Each structure stands twice: as C-alpha cells, then as structure tokens.
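Read off the chains here:
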Amino acid sequence: MVERSASDAALLASIRERVHATLLVLLIALRPLVWDGDPTQPANLAYLVLAVIAVSVVVIEGWAGSVSSWRWTFSGALFALIVAALIPACVRSPLPMEGGALWLMLAVHLGLAFYLMQALPGRERLAFAALAAGLVGEVLVAHGQRLWVLPGMAAASANGEFAAIETVGGDLAERIANGGVYGTFTLANTFAAYLVLVVPPLLVSAWTRSADRWSRAVVTLAAGLAAWSFVGASSKGAVLAIAIASSMGWVIVRRDRWRWLPLALVAVALSALALRPALWEPMQASTRVRAGYWLGASTLIAERPIAGHGIGAFPTLAPAAMPLW
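Calculation notes
Residues numbered from 1 in each chain as written. Predicted model: local features only at pLDDT ≥ 70, side-chain atom pairs only at ≥ 80, totals over all residues. Heavy atoms only, no water. Helix = DSSP H or I, 4+ residues; strand = E, 2+ residues; numbered from the N terminus. Contact = heavy atoms within 4.5 Å. Areas by Shrake-Rupley, 256 points an atom, 1.4 Å probe, with all protein chains shown as cover. Lys, Arg positive; Asp, Glu negative; His and termini not counted. Charge placed at Lys NZ, Arg CZ, Asp CG, Glu CD. Buried < 20%, exposed > 50% of the residue type's maximum accessible area, 1.4 Å probe, protein only. 1 Å grid on protein atoms, 1.4 Å probe; cavity = no way out; pocket = protein on both sides within 12 Å on 5 of 7 lines; lining within 4 Å. Points joined across faces, edges and corners; volume = space filled by probe spheres on them. Nonpolar A, V, L, I, M, F, W, Y, C, P; charged D, E, K, R; others polar. Phe/Tyr/Trp six-rings, centres within 6.5 Å; stacked < 30°, edge-to-face > 60°. Lys NZ or Arg CZ within 6 Å of the ring centre and 35° of its normal. Core = buried A, V, L, I, M, F, W, Y, C linked by side-chain atoms within 4.5 Å. Axes fitted to C-alpha atoms, helices over the stretch in contact; angles between N-to-C directions. Parallel < 35°, antiparallel > 145°, perpendicular 65-115°, else oblique. Left-handed = near helix turned anticlockwise from the far one by under 90°.

(A) Representation of the overall build of the chain. Helix and strand content of the chain: 13 helices and zero strands. The order of α-helices and β-strands along the chain, N terminus first, is α-α-α-α-α-α-α-α-α-α-α-α-α. Across its three principal directions, the C-alpha atoms of the chain cover 85 × 50 × 45 Å. For the chain, the proportion of contacts with a sequence separation of at least 24, taken over those separated by at least 6, is 69%. Accessible surface for the chain amounts to roughly 20700 Å². Of this, 71% is attributable to carbon and sulfur atoms. Charged side chains in the chain number 22 positive and 17 negative. The centres of these two groups are separated by 11 Å.

(B) Just the environment of Phe 162, in detail. Along the chain, Phe 162 turns up in the loop between helix H6 (124-158) and helix H7 (171-178). Accessibility expressed as a relative area gives 22% for Phe 162, which makes it partly exposed. Separated by 69 residues in the primary sequence, Phe 162 and Ser 93 have C-alpha atoms spaced 31 Å apart. The contact partners of Phe 162, leaving out residues within four places of it in the chain, are Met 153, Ala 156, Ser 157, Leu 172 and Ile 176.

(C) Geometry of the layout of surface pockets. There is about 1300 Å³ of room inside the largest pocket. Lining the largest pocket are 42 residues, with Ile 28, Arg 31, Leu 131, Tyr 194 and Val 198 positioned closest to its centre. The set of elements that each furnish at least two residues to the lining of the largest pocket consists of helix H1 (2-29), helix H5 (96-119), H6, helix H8 (188-208) and helix H9 (213-233). The greatest single-element share of the lining of the largest pocket, amounting to nine residues, is contributed by H6. When its residues are assigned to classes, the lining of the largest pocket shows 30 nonpolar, seven polar and five charged. Reported here for the second largest pocket is a volume of approximately 960 Å³.

(D) Seen up close, the packing of aromatic side chains. Considering all chains together, one arrives at four aromatic pairs under this definition. Seen from their ring centres, Trp 70 and Phe 114 are 5.6 Å apart, and the 85 degrees between their planes marks the pair as edge-to-face. Within this pair, whereas Trp 70 is found in the loop between helix H2 (42-64) and helix H3 (74-85), its partner Phe 114 is found in helix H5, the two being separated by 44 residues in sequence. An aromatic cluster is present here, built from Phe 185, Phe 191 and Tyr 194 joined pairwise through their rings. The ring of Tyr 47 carries the charged tip of Arg 31 above its face, separated from the ring centre by 4.4 Å.

(E) Geometry of the nonpolar core. If you look at the biggest cluster of nonpolar residues, it comprises 24 residues, and the most contacted ones within it are Leu 135, Phe 191, Tyr 194, Leu 195, Leu 202 and Ala 226. Within the residue set of this core, elements represented by two or more residues are H6, H8 and H9. For this core, the element with the highest residue contribution is H8, accounting for nine residues. Setting aside residues up to four positions removed in sequence, Leu 195 forms contacts with Leu 135, Pro 200, Ala 226, Ser 229 and Phe 230. The next biggest cluster of nonpolar side chains, apart from the first, holds 20 residues, and it includes Leu 24, Val 34, Met 105 and Ala 127.

(F) Spatial organisation of the packing of H8 against H9. Running from N to C, H8 and H9 cross one another at 160 degrees; their axes reach a closest spacing of 10 Å. With respect to their mutual orientation, H8 and H9 come out roughly antiparallel. In this structure, H8 crosses over H9, and the sense of that crossing is left-handed. Touching Ala 188, Phe 191, Ala 192, Leu 195, Val 196, Val 199, Leu 202, Leu 203, Ala 206 and Trp 207 of H8 are Arg 216, Val 219, Thr 220, Ala 223, Ala 226, Ser 229, Phe 230 and Ala 233, all from H9. For the contact of H8 with H9, the per-class residue count stands at 15 nonpolar, two polar and one charged.

Below, the structure is given as structure tokens:
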C-alpha cells in the first residue's frame, strides 16, 4: 500500500510538472504572436483562456494542499491595486464593451503574472528558451513583412484598393512606405518597444549564466536579427528610450571622470540641432503630432481631473480637444 501511494504521488508530480512546463512555454512564447490590436480576435481570446486555465491550475493546487504558500511581490500587489482602481474608469467608459474588454484583459494579465511567479522557480531555463522562441517567431514575421507584405500593400494602395480608407493627405500610403515593420503588433512603435524589453534580458541571461555555447549562439543570432528588425521599425521613441536608459546606467555604474559623458553628449547634440536646423526637420512632423496628442489629453484631463472620462474615451473625445494643426 505504501509503495502504491508513493507511486501515485510520483505520477501526480510528473503530471503536474508536464502541465506547468507546457503552460509556461505556451504563455511566454505565444504572447507576442497573438496580439493584433483587436481584443475580440480568436487568437487573443484563446490566449486569455489559456492564461485563465493556468491561474486555475495553481489555485486548485493551493486548495488541494499541493503547495504550502503562494509567491507574490510588492509590485504584484501594486498592480492589483491599479487594476481595482480602474474599475470606475471601466464603468464610465463611453464604449462599455471596449472598456470592459480592455479592463478584463488587464485583470487576466494580472493573473498571468501571478501564475508566472508560482511556475518560474526551477524552470528558468525553460522560460529562457520560450522567450527566445517567441522573439525568433516575431522577428521572422517582421522580416517576412518586409519581403512581401509591405510591397503588396504598397501595390494595392497604388491600384486604389485602399481608396475607401485613405485620407486626403495620403497618410495610409505614407505609413506603408515609411512607417516601418510592425510584426504582429499593428504599430511599429509597439513592436520596437517589445524588442527593447526582450532582447537585453535574453543577452544578459545567455552570457552571464550557465548557458551552453549553442544557447549563446542562438540568442546572439536572434538578437542580431532583432536589431535588424529594430532598425526596420524606424521608431524614434524606442531609440530615445535606449539612449536614456543607457545614459542612466552609465551614470549609475561609472565612478570615474567619465561618469558624466552622457550629459556632455546631450549638450553636443542639442548644440548641433540649434546650429543646424536641417537636422531637426525629419523629426518635426512627428514631434508636432505628439505635441497635439498631449495638448488634447491635457484638455480632457482638465475637464475631469479626478473622475476622468473612462477607459477608451480618448479616441472618441480627442478630435474635439486637440488643436486644429
């Protein structure tokens, strides 16, 4: 009887390990590949269901006594408070279905973070491989887009197939020609932000931990392709974020006379822009658009500084609040 009980316990432990390993790989590797900006798309809904299943597994384990305690962090508790604080914004949304969908997605991702806190310890190498696999998949999508998707869209635009949705100023054709690759994120800026967040941790993990040479080679190759994709995304904001983060890291780490080198480089860059206005011209249009967004947002905030307008209100109300230019 004792041997049978031990055998059953070992079988149950093996099943639990397989379930957690499968969920961990799917949740990490598929995250960048399922989002296209529409929360109602089947791929996104399937991912959210998968996340709910993962959370249910750890809750059942806790209820059954398979785990003695759950892991959590201060940042996780802060995330939960933010999700709870956004409930009134969800209720006040001018588009209740859209506001509710976005809030529900945020809540499910809070659960996803909770699950990863429980499942990651002891499975770090597996999570590392899943993150690298997701990066490779996303990079392949982006490069395929540069080879045939964007050229096909440009040809369709030239043939008038997008006439019904094209603007008077030809914004769609401009976006197709110069907007950069965006992978599965619908926006080049979002794609670039994903690369900025994922590539550095992967490289640091591969070259500072006990990874074999093949893992390092694969991650380095993926990082090189990602850097190529990053250039193709043409995201000025992501480049600026990297520059600011690198400068802050340099100032924090260095303790010699070269510590303030980033400040000197910033001064040189500002002086160059002031002396050569032509260097500033390529960024003026983008800067004006973002300034208009901020002015519109500040107007809406001033109207309801405490209660706000609700989740998803900006696209609906901003046209009346933003400056005409």
